[in-house]
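# Coordinates in review
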Amino acid sequence: MSAVNQGTEDLPLLQVSNTTKLYGGRIGCKDVSFDLYPGEVLAIVGESGSGKTTLLNCLATRLTPTSGSVSYRNRMDQMRNLYEMSEAERRMLMRTDWGFVHQHPADGLRMTVSAGANVGERLMAVGARNYGNIRDTATDWLGRVEIAEDRIDDDPRAFSGGMRQRLQIARNLVTSPRLIFMDEPTGGLDVSVQARLLDLLRGLVADLGLSVIIVTHDLAVARLLSHRILVMRHGHVIESGLTDQVLDDPQQSYTQLLVSSILQP
Amino acid sequence: MSNTPKTKILVSDLAKTFTMHLQDGLEIPVVSGVNFSVASGECVVLGGPSGSGKSSILKMIYANYRCQKGQILITDQDEIINVAQATPRRIIRLRENTIGYVSQFLRAIPRVPALTLVAEPLIAQGVAEEEALARAGKLLARLNVPQRLWQLPPATFSGGEQQRVNIARGFIAHYPILLLDEPTASLDAANRAVVVELVEEKKEQGVAMVGILHDHDVRDAIADRIVDVTSFASAA
Amino acid sequence: MTQTAKTQDISSQHYNFAYLDEQTKRMIRRAILKGIAVPGYQVPFAAREMPMPYGWGTGGVQVTAAVIGKQDCLKMIDQGSDDTTNAVALRTFFVKTTGVETTTKTKEASIIQTRHRIPEEALTENQVLVYQVPIPEPLRFLEPRETETRKMHALEEYGLMHVKLYEDIAKYGHIATAYAYPVMVQDRYVMDPSPTPKFDNPKMDQMEALQLFGAGREKRIYAIPPHTKVVSLDFEDHPFEVNQFEEPCAICGAEGAYLDEVILDDHGKRMFVCSDSDFCEDRRAAGHVGHLGTNPLEAEGND
């Protein structure tokens with residue numbers, strides 16, 4: 001896992017400050033603040049209900065926070081508060097500069113159109129109007145996520161779970177985004193399929209210099225993919241730092257419990 | 001303070017305590033008042049029995065463990081960084097270019113072949129993939145890892161093979177500071193000799209090294225100085 | 001004509017003019033005006049239950065009812081023809097409820113309500129073309145959520161429309177969509193032109209007549225004002241093309257008109273004839289004859 005060097009690297013890509021989401025009186029997530037830098041992979045871990053998905057959705061503009069701000073450095077190098085942007089701008093960001101990989105591929109794919117069209121959609125959305133070029137790009141991306149070229153016209157219903165997940169990744173990466181959100185991308189996959197996906201993600205993240213925010217309850221996934229980690233409990237970030245430091249020398253009682261609960265194969 | 005330009009690592013008044021929250025907050029003091037320095041081209045070996053905190057000190061220098069007190073200053077080109085206080089981001093950069101760590105155990109990554117695993121630190125430092133793989137191959141050959149294994153993920157290798165892959169991964173790139181955590185624990189004599197050679201080469205390049213070595217022969221061969229960790233035992 | 005006068009008497013006793021009450025017509029006119037002001041935008045309206053099933057053109061009927069006046073001359077087309085069930089039924093409906101003059105001549109009509117065709121004859125600025133629309137939402141094929149498609153229209157997110165065309169080419173080697181072929185109206189809204197053959201799409205562009213679209217079940221009205229840019233979507237390397245026919249009309253010999261296939265016997269014998277029956281008749285009246293054209297004419301003459 002390598003971070004990108006030089007340039008605007010020392011300026012954060014995403015700045016999260018005091019982001020809070022309340023569901024009525026209940027806390028979804030509270031006062032979360034952190035900076036994410038280009039090329040950095042941040043894991044958000046915690047058990048179900050700890051608020052990690054709520055936080056992810058607040059960052060990815062899928063859920064409006066109750067208070068706090070989330071700012072993103074766009075390609076013009078301007079820091080913009082996501083929630084002061086127009087919906088059109090936010091959605092544009094979502095399908096060009098960002099990606100979102102859902103736990104269930106059916107949530108992120110169009111299940112009734114071919115793999116090629118699934119990958120090509122974002123290109124067409126930003127104005128690509130040459131069928132041949134779109135198809136070439138789709139073919140290239142299917143290859144990069146290890147889907148055989150002759151499956152390009154099959155729709156994802158004919159794909160296995162692991163293939164669907166890889167297709168979802170290709171669909172997201174085709175516009176060369178700079179920031180990818182992932183919600184339990186390996187959840188529900190059996191271990192060999194999961195290993196393949198993790199290896200693929202690891203390679204893509206390093207090759208493309210992507211910034212990633214990944215939600216996972218699997219500490220092994222966090223260790224393999226992330227540079228930094230946030231541990232959440234009851235909607236609060238209770239511990240954060242270098243991934244290996246937090247996992248090897250956890251300070252908080254809850255983090256120690258999490259780490260000691262890992263099954264060793 | 002002997003903070004000459006040649007000093008690469010300066011550890012001062014370092015202390016570490018584990019708090020076991022799952023055991024009613026039991027406090028386990030590990031070390032305290034750790035003081036030593038390492039110069040360029042020098043190999044300092046931490047001495048002391050198991051459980052005396054040698055490994056914890058090494059891990060604190062690598063920022064793998066946190067410390068409760070003290071400083072760990074290292075020179076990164078013309079900057080002096082206190083590892084104990086540095087941001088995660090700074091530490092990631094240090095680990096990429098400045099501090100290397102050869103651990104006892106290989107953390108194999110699913111599906112990644114041994115050769116790639118060894119080449120990765122070089123690639124991260126910006127060496128072209130082809131050249132990195134060639135150098136990885138040379139090093140694996142030198143450590144007597146059979147070529148038929150190079151393209152396989154090392155998860156299924158024997159302990160000794162895994163450790164040699166790990167040593168290759170640790171030694172392949174140039175880091176001004178290298179931490180050695182029992183690199184020779186399960187190696188035969190021939191491979192131990194290779195490690196000794198590798199360490200000697202690093203010394204010639206001016207690398208400052210801190211090591212834990214239980215093997216007396218290797219220790220005697222490479223240690224310039226031995227720092228006895230028992231003197232840092234926590235007074236708890 | 002005398003018969004028309006008689007039915008008018010009956011209608012005036014039983015129905016408000018054009019069936020709908022005046023408040024309803026006013027509501028529909030407001031929707032139409034809004035549609036004209038925002039070409040291609042689907043305006044929701046409170047569609048009424050009509051005395052005919054959904055799918056028979058309840059949307060078109062309500063639009064026509066809202067714009068028709070006593071002086072209008074109405075033409076009713078179903079798949080290009082004036083004499084098929086839908087056309088006959090709806091024409092009778094309006095004769096009964098308005099008593100207006102009707103015609104089969106494209107030139108003579110001031111309002112033409114159509115199901116799935118645009119007349120071959122170029123329309124003029126004095127005419128209104130009313131389309132019956134089953135599904136007004138062109139994006140629904142790929143995005144079933146109405147909340148989402150409305151947002152996509154609002155934000156001009158139309159990549160999905162090309163996904164559909166991409167799928168066609170991937171599956172069939174060319175854009176196989178032959179009817180309800182999506183268009184971009186005035187560089188802003190993607191619109192479903194109703195299930196007209198794509199052959200008719202170019203006629204929509206810069207048309208002199210006002211085009212109104214009514215979808216009764218879906219409760220949507222949209223419009224293309226006269227002289228509006230209407231472009232069929234396509235790819236650079238797979239440009240939009242209209243249907244080509246290999247032979248001219250068997251009856252009138254017309255080339256470049258939209259033809260229907262007619263099966264003549266159970267041995268695979270068939271012919272292609274103009275779908276626009278009025279256009280075909282006009283040509284025959286002007287002396288044009290196709291390779292099978294003499295027979296029907298003579299048969300007619302013999303009656």
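Residues numbered from 1 in each chain as written. Chains lettered and ligands numbered in written order. Predicted model: local features only at pLDDT ≥ 70, side-chain atom pairs only at ≥ 80, totals over all residues. Heavy atoms only, no water.

Quick note on the threshold: UniProt positions are given in the numbering used here, feature names are shortened, and annotations may be inferred rather than shown by experiment.
Looking at an unreviewed UniProt entry, one finds chain C named Alpha-D-ribose 1-methylphosphonate 5-phosphate C-P lyase and attributed to Pseudovibrio axinellae. What the UniProt record of chain C gives under Sequence similarities (unreviewed entry) is the line "Belongs to the PhnJ family." Reading the Function (unreviewed entry) entry of the UniProt record for chain C gives the comment "Catalyzes the breakage of the C-P bond in alpha-D-ribose 1-methylphosphonate 5-phosphate (PRPn) forming alpha-D-ribose."

As annotated in an unreviewed UniProt entry, chain A is Putative phosphonates utilization ATP-binding protein PhnK from Pseudovibrio axinellae. A UniProt comment under Sequence similarities (unreviewed entry) is attached to chain A, and it reads "Belongs to the ABC transporter superfamily."

### As for the pairing of strand E5 (residues 128-132) of chain C
All names here are of chain C. Selection criterion: Classification of residues uses two cut-offs on accessible area relative to the type maximum, computed with a 1.4 Å probe and protein chains only: under 20% is buried, over 50% is exposed, and between them is partly exposed. Secondary structure elements follow DSSP: runs of H or I of four or more residues count as helices, runs of E of two or more count as strands, with numbering from the N terminus. Two strands pair under a simple rule: DSSP has to find at least two bridges between them.
Within E5, five of the five residues are buried, which leaves the element mostly enclosed by the surrounding structure. Both strand E4 (residues 111-115) and E5 contribute to a ladder of four bridges, which runs parallel. Looking at the pairing, Thr114 lines up with Tyr131 of E5. In terms of strand pairing, E5 meets strand E8 (residues 210-215) through five bridges, oriented parallel. Pairing of Tyr131 across the sheet is with Phe213, part of E8.

### Re the pairing of strand E1 (residues 7-20) of chain B
Residue and element names in this part refer to chain B. The pairing of E1 with strand E2 (residues 26-39) spans ten bridges and is antiparallel. Residue pairing across strands places Leu14 opposite Val34, the latter belonging to E2. From the end of E1 to the start of E2, which pair antiparallel, there are five residues, and Asp24 there has a positive phi angle of about 55 degrees. In terms of strand pairing, E1 meets strand E4 (residues 69-76) through five bridges, oriented antiparallel. Within the sheet, the bridge partner assigned to Val11 lies in E4 and is Ile72.

### Points about the domain arrangement of chain C
Put simply, an interface is often sized by how much accessible area is lost when its parts join up. All names here are of chain C. Inclusion rule: Residue ranges assigned to the domains are those given by an automatic or database domain assignment. Whether two residues are in contact is decided by their heavy atoms: any pair within 4.5 Å suffices. The term buried area denotes the loss of accessible surface (1.4 Å probe radius) that occurs when two parts are joined, taken as the sum for both partners. Criterion for a salt bridge: a side-chain nitrogen of Lys or Arg within 4 Å of a carboxyl oxygen of Asp or Glu. Note on residue categories: nonpolar means Ala, Val, Leu, Ile, Met, Phe, Trp, Tyr, Cys or Pro, charged means Asp, Glu, Lys or Arg, and polar means any other residue, Gly included.
When cut into domains, chain C gives domain 1 (10-138 + 182-231) and domain 2 (244-296). Averaged C-alpha coordinates put domain 1 and domain 2 at centres separated by 27 Å. Listed by partner, the interface residues are 15 residues for domain 1 and twelve residues for domain 2. Between domain 1 and domain 2 the total buried area reaches about 990 Å² when both faces are included, carbon and sulfur atoms providing 42% of it. When residues of domain 1 are sorted by the area they lose upon contact with domain 2, Lys105, Glu120 and Phe199 head the list and together hold 44% of the total. Close ionic contact of Lys105 with Asp282 constitutes a salt bridge, the shortest N to O distance being 3.4 Å. Here the side of domain 1 that touches domain 2 is composed, by residue class, of three nonpolar, five polar and seven charged.

### A short note on the interface of chain B and chain A
Rules: Two N or O atoms form a polar contact when they lie within 3.5 Å of each other; inside protein one atom must be a possible hydrogen donor and the other a possible acceptor, and for residues adjacent in sequence the pair counts only when both atoms belong to side chains.
The partner chain A presents 32 residues to the 25 residues of chain B that form the contact. Between chain B and chain A, roughly 2500 Å² of surface is buried when both sides are summed, and carbon and sulfur atoms account for 47% of that area. In this structure, the connection of chain B to chain A is made through six salt bridges. A salt bridge links Asp244 of chain A to Arg95 of chain B, with the shortest nitrogen-to-oxygen separation between them at 2.8 Å. The interface formed by chain B and chain A contains 14 residue pairs in polar contact (both at pLDDT 80 or more). Contributions of two or more residues to the side of chain B that touches chain A are made by E1, helix H2 (88-97) and helix H3 (114-124) of chain B. With seven residues, H2 of chain B is the largest single contributor of residues to the side of chain B that touches chain A.

### What to know about the sheet that holds strand E7 (residues 177-181) of chain B
Residues and elements named next belong to chain B. For the record, the criterion: Lines fitted to C-alpha atoms define the axes, with helix axes restricted to the stretch in contact, and inter-axis angles between N-to-C directions lie between 0 and 180 degrees.
Here we have five strands laid out as an open sheet, ordered E6-E7-E8-E3-E9, and parallel in their pairing. Each edge of the open sheet is held by one strand with a lone partner, namely strand E6 (99-102) and strand E9 (225-228). Between one strand and the next, the sheet's axes are offset by a mean angle of 20 degrees, whatever the strand orientation. Strand direction decides the pairing type here: strand E3 (residues 43-47) and strand E8 (residues 208-212), joined by three bridges, are parallel. Directly across from Val44, in E8, lies its bridge partner Val210.

### Re the nonpolar core
Let me state the cut-off plainly: In this text, buried Ala, Val, Leu, Ile, Met, Phe, Trp, Tyr and Cys residues form a nonpolar core when linked through side-chain atoms within 4.5 Å.
Formed by 111 residues in total, the largest nonpolar core has its most connected members in Phe171 of chain B together with Tyr166 of chain C. When residues in this core are grouped by element, the largest group, seven residues, is from helix H6 (residues 159-172) of chain C. Discounting chain neighbours no more than four positions away, the residues touching Phe171 of chain B are Val102, Leu139, Leu178, Leu180, Leu198, Val199 and Lys202 of chain B. If you look at the next biggest cluster of nonpolar residues, it comprises 37 residues, including Phe36, Leu179, Ala208 and Phe232 of chain B.

### Details of the packing of aromatic side chains
Operational definition: Only the six-membered ring of Trp is used, alongside the rings of Phe and Tyr, when aromatic pairs are assigned; centres must lie within 6.5 Å, and planes under 30 degrees apart are stacked while those over 60 apart are edge-to-face, with the rest tilted. Lysine and arginine charges are scored as sitting over a ring when NZ or CZ, respectively, is within 6 Å of the ring centre and within 35 degrees of the ring normal.
Throughout the structure, instances matching the rule amount to 17 aromatic pairs over all chains. Judged by centre distance (6.0 Å) and plane angle (65 degrees), the rings of Tyr131 of chain A and Phe235 of chain C are edge-to-face. Here Phe235 of chain C lies in the loop between strand E10 (230-232) and strand E11 (259-263) and Tyr131 of chain A lies in helix H5 (residues 131-144), a pairing that spans two chains. The burial state of Tyr131 of chain A is the same as that of Phe235 of chain C; both residues are buried. Seen from their ring centres, Tyr41 of chain C and Tyr189 of chain C are 5.5 Å apart, and the 55 degrees between their planes marks the pair as tilted. Here Tyr41 of chain C is found in the loop between helix H2 (22-37) and strand E1 (43-44), whereas its partner Tyr189 of chain C is found in strand E7 (residues 189-191), with 148 residues between them in sequence. Relative accessible area serves as the criterion here: at 22%, Tyr41 of chain C is assigned to the partly exposed category. The ring of Tyr62 of chain B is capped by Arg95 of chain B, whose NZ or CZ atom sits 4.3 Å from the centre of that ring.

### What about the interface of chain C and chain A?
Tallying the contact residues gives 20 residues for chain C and 21 residues for chain A. The junction of chain C with chain A conceals about 1900 Å² of combined surface from both sides, 56% of it contributed by carbon and sulfur atoms. Applying the counting criterion to the chain C and chain A interface returns five salt bridges. With its nearest N and O atoms 3.1 Å apart, the salt bridge here joins Glu87 of chain A to Lys151 of chain C. Counting across the interface, chain C meets chain A through 14 residue pairs in polar contact (both at pLDDT 80 or more). At the level of elements, helix H5 (146-154) and H6 of chain C are the ones that each hand at least two residues to the side of chain C that touches chain A. Among the elements that line the side of chain C that touches chain A, the one with the most residues is H6 of chain C, at eight residues.

### Notes on the confidence of the model for chain C
For the record, the criterion: Predictor confidence is given residue by residue as pLDDT, running from a minimum of 0 to a maximum of 100.
On average, residues of chain C score 91 in pLDDT, and 92% of them reach the 70 mark or higher. This prediction of the complex comes with two scores: 0.86 for pTM and 0.88 for ipTM.

### Things to note about unusual backbone geometry
Unlike most non-glycine residues, Glu182 of chain B shows phi in positive territory, near 50 degrees. Counting through the fold element by element, Glu182 of chain B comes out in the loop between E7 and helix H6 (189-204). Of note in the backbone geometry, Glu156 of chain C takes a positive phi value of approximately 55 degrees without being a glycine. Within the secondary structure, Glu156 of chain C is located in the loop between H5 and H6.

### Here's the deal with the environment of Asn74 of chain A
Residues and elements named next belong to chain A. As for its placement among the helices and strands, Asn74 is situated in the loop between strand E4 (67-73) and strand E5 (79-81). Setting aside anything within four residues of it in sequence, one finds Asn74 in contact with Arg80 and Arg178. Separated by 2.9 Å, the side chain of Asn74 and the backbone nitrogen of Met76 make a polar contact.

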